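Tertiary structure, described
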Amino acid sequence: NAGVTQTPKFQVLKTGQSMTLQCAQDMNHEYMSWYRQDPGMGLRLIHYSVGAGITDQGEVPNGYNVSRSTTEDFPLRLLSAAPSQTSVYFCASKMSWPSSQAQHFGDGTRLSIL
Amino acid sequence: KNEVEQSPQNLTAQEGEFITINCSYSVGISALHWLQQHPGGGIVSLFMLSSGKKKHGRLIATINIQEKHSSLHITASHPRDSAVYICAVWGADGLTFGKGTHLIIQP
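Given the structure is predicted, the values throughout are model-derived calculations rather than measurements.

**Some thoughts on the overall build of chain B**
When its secondary structure is counted, chain B shows 0 helices and 11 strands. In chain B, the succession of helices and strands from N to C terminus is β-β-β-β-β-β-β-β-β-β-β. What you see for chain B is a C-alpha radius of gyration of 13 Å, in line with the 13 Å of a compact globule of 107 residues. C-alpha atoms of chain B, sized along the principal axes, occupy 40 × 25 × 20 Å. Buried positions account for 47% of the 107 residues belonging to chain B. Counting only contacts in chain B whose residues sit at least 6 apart along the sequence, the fraction spanning at least 24 positions is 53%.

**Some points on the overall build of chain A**
The number of helices and strands found in chain A is 0 helices and 11 strands. Reading chain A from its N end, one meets helices and strands in the order β-β-β-β-β-β-β-β-β-β-β. Each principal axis of the C-alpha distribution contributes one length, and for chain A these read about 40 × 30 × 25 Å. Restricting to contacts in chain A with at least 6 residues of sequence separation, those with at least 24 account for 54%. Element-wise, carbon and sulfur atoms account for 51% of the exposed surface of chain A, whose accessible area totals about 5300 Å².

**Side note on the environment of His 78 of chain B**
All names here are of chain B. Turning to its location among the elements, His 78 is positioned in the loop between β8 (69-74) and β9 (83-91). Residue classification places His 78 among the partly exposed positions, given a relative accessible area of 27%. In this structure the C-alpha to C-alpha distance between His 78 and Gly 98, which are 20 residues apart in sequence, comes to 24 Å. Those residues in contact with His 78 that lie beyond four places of it in its chain are Glu 15, Arg 58 and Ile 105.

**Considerations on the state of the cysteines**
All names here are of chain A. Tallied over the entire structure, the rule returns 2 disulfides over all chains. Paired by a disulfide, Cys 23 and Cys 91 hold their sulfur atoms 1.8 Å apart. Here Cys 23 and Cys 91 share a disulfide; its torsion about the S-S bond, -70 degrees, makes the bridge left-handed. On the criterion of sequence distance, the pair formed by Cys 23 in strand β3 (residues 19-25) and Cys 91 in strand β9 (residues 87-94) is long-range, its members being 68 residues apart. Exposure remark for Cys 23: the relative accessible area of 1% places this residue in the buried category.

**Considerations on the nonpolar core**
Counting residues in hydrophobic clusters, the biggest one holds 22 residues, and the most contacted among them are Leu 32 and Trp 34 of chain B. Mapped onto this core, the elements with two or more residues apiece are β3 (19-25), β4 (31-37), β5 (43-49), β7 (59-64), β8, β9 and β11 (101-106) of chain B. Beyond its immediate stretch of four places on either side in the chain, Leu 32 of chain B contacts Cys 23, Tyr 25, Phe 47, Met 48, Leu 49, Ile 63, Ser 70, Cys 87, Ala 88 and Val 89 of chain B. Core analysis: the second largest hydrophobic core is formed by 20 residues, Cys 23, Trp 34, Tyr 89 and Cys 91 of chain A among them.

**Considering the pairing of strand β5 (residues 44-51) of chain A**
Residues and elements named next belong to chain A. With respect to burial, β5 is a largely interior element, 6 of its 8 residues being buried. Counting the residues between successive antiparallel strands, the hairpin from strand β4 (residues 31-37) to β5 contains 6 residues, one of them, Gly 40, with a positive phi of roughly 80 degrees. Strand direction decides the pairing type here: β5 and strand β6 (residues 54-57), joined by 3 bridges, are antiparallel. If you follow His 47 over to β6, its bridge partner there is Gln 57.

**Re the interface of chain B and chain A**
Contacts between chain B and chain A engage 20 residues on the former and 17 residues on the latter. Here chain B meets chain A over a buried area of about 1400 Å², counting both sides, of which 65% is carbon and sulfur. It is Ile 43, Trp 90 and Phe 97 of chain B in chain B that bury the most area against chain A; as a group they hold 40% of the surface buried on that side. Inspection of the chain B/chain A interface yields 1 residue pair in polar contact (both at pLDDT 80 or more). The set of elements that each furnish at least two residues to the side of chain B that touches chain A consists of β4, β5, β9 and β10 (94-97) of chain B.

What counts and how
Residues numbered from 1 in each chain as written. Chains lettered and ligands numbered in written order. Predicted model: local features only at pLDDT ≥ 70, side-chain atom pairs only at ≥ 80, totals over all residues. Heavy atoms only, no water. Helix = DSSP H or I, 4+ residues; strand = E, 2+ residues; numbered from the N terminus. Rg over C-alpha atoms; globule rule 2.2 N^0.38 Å. Buried < 20%, exposed > 50% of the residue type's maximum accessible area, 1.4 Å probe, protein only. Contact = heavy atoms within 4.5 Å. Areas by Shrake-Rupley, 256 points an atom, 1.4 Å probe, with all protein chains shown as cover. Disulfide = S-S within 2.5 Å. Core = buried A, V, L, I, M, F, W, Y, C linked by side-chain atoms within 4.5 Å. Pairing = 2+ DSSP bridges. Buried area = accessible area lost by both parts, 1.4 Å probe. Polar contact = N/O pair within 3.5 Å; in protein donor to acceptor, adjacent residues only side chain to side chain.

Written out as structure tokens, the structure is:
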């Protein structure tokens, strides 16, 4: 049972490039979410999904797109990377929303935008 | 939006000491989550609680819903406990995180 798998673990991009951060879970969780973690700040919610075909914006959605075509996968897309998007990104999942069950986190993707 | 405050921000202690990390929040919640993040970055769930007290090994978490306050205690601390401990609360607008407490346990 792999849990939540994020790829890649590290990435360096140039300003203006696009890329997709992958997130997959094998626990049949309905709720998935993306966070970014910046120095001196708590994790902040970018986008979330309560089930396949349903996504919504979190606290800091600008510059990011998501889709949820399957229960397992929840990719995060940067369409035109900016230095302000340099951060560590975490994907997480839990059984369902709005129940207050524990979230399972991926190992993170460390992204640098030059 | 819920405001989550943790204290202290940084804590250095000697091996064997009893450790307390505090978390306060501003708006009523359905549950509170304690997380641990080691150097290298992975985040692990320690506790999810909505009332009372939970214990796992040397870790104890308590919550007082009326006072909007939770504490995480570590007994007989060990250098391997060195990590960032994060409090997060489940409210109407989802999960809101504190900034974390950076704990260093020296041998």
